[in-house]
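Structural overview for review
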Amino acid sequence: MNLPCRCTSLRNIRDNDEKDSAFRGVCNLISLNPGGLVQDFIFFCDAVASWINPKSDLKEMFHKILHGFKNQVGDENWKKFSEQFPVPLRERLHTQYGV
């Protein structure tokens, strides 16, 4: 899976059923191989933040993946990692998902 390209493409699509379906596929792939996400996690975060109003179950998937990654790397490493994010991305993830 070429996560950076896929996520970059998805972030530029307005919220709709196709975007919803594509993100569910990405989330399912991540759940099957969470270690494959580590290198490109910022692309996933950016794509997730592009959503204006995801369906509640999809938002819960995002929440689980984001918090799972944060818990896996630990608070201090998460802080270092998320400080690399542009401020709007960091703020949106914090506001929408509490990370």
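Structure: see above.
Residues numbered from 1 in each chain as written. Predicted model: local features only at pLDDT ≥ 70, side-chain atom pairs only at ≥ 80, totals over all residues. Heavy atoms only, no water.

**As for the pattern of salt bridges**
For clarity, the cut-off: Any carboxyl oxygen of Asp or Glu that lies within 4 Å of a side-chain nitrogen of Lys or Arg is treated as forming a salt bridge with it. Put simply, DSSP H or I for four residues or longer makes a helix, DSSP E for two residues or longer makes a strand, and each gets a number counted from the N terminus. Each residue's exposure class comes from its accessible area (1.4 Å probe, protein chains only) as a fraction of the maximum for that residue type: buried when under 20%, exposed when over 50%, partly exposed otherwise.
As enumerated under the stated definition, the model contains 7 salt bridges in all. A salt bridge links Asp57 to Arg24; its shortest N-O distance comes to 2.9 Å. In this pair, Asp57 sits in helix α4 (residues 56-73) while Arg24 sits in helix α2 (residues 17-32), placing the two residues 33 residues apart along the sequence. Accessibility expressed as a relative area gives 41% for Asp57, which makes it partly exposed.

**Brief notes about empty space enclosed by the protein**
The line we're drawing: The distinction between a cavity and a pocket rests on a 1 Å grid over the protein atoms alone: a 1.4 Å probe fits inside a cavity but cannot get out, while a pocket stays open yet meets protein on both sides within 12 Å along at least five of seven lines, and a residue with an atom within 4 Å of a point counts as lining. Grid points are joined across faces, edges and corners, and a volume is the space filled by probe spheres set on the points. Lys, Arg, Asp and Glu make up the charged group, whereas Ala, Val, Leu, Ile, Met, Phe, Trp, Tyr, Cys and Pro make up the nonpolar group; the residues left over, Gly among them, are polar.
According to the stated counting rule, one finds 1 cavity of 30 Å³ or more in the structure shown. The computed volume of the largest cavity comes to approximately 40 Å³. Lining the largest cavity are Val48, Ala49, Trp51, Pro54, Arg92, Gln96 and Tyr97. When residues of the lining of the largest cavity are traced back to their parent elements, those giving at least two are α3 (41-49) and α6 (87-97). It is α6 that provides the largest number of residues to the lining of the largest cavity, a total of 3 residues. Here the lining of the largest cavity is composed, by residue class, of 5 nonpolar, 1 polar and 1 charged.

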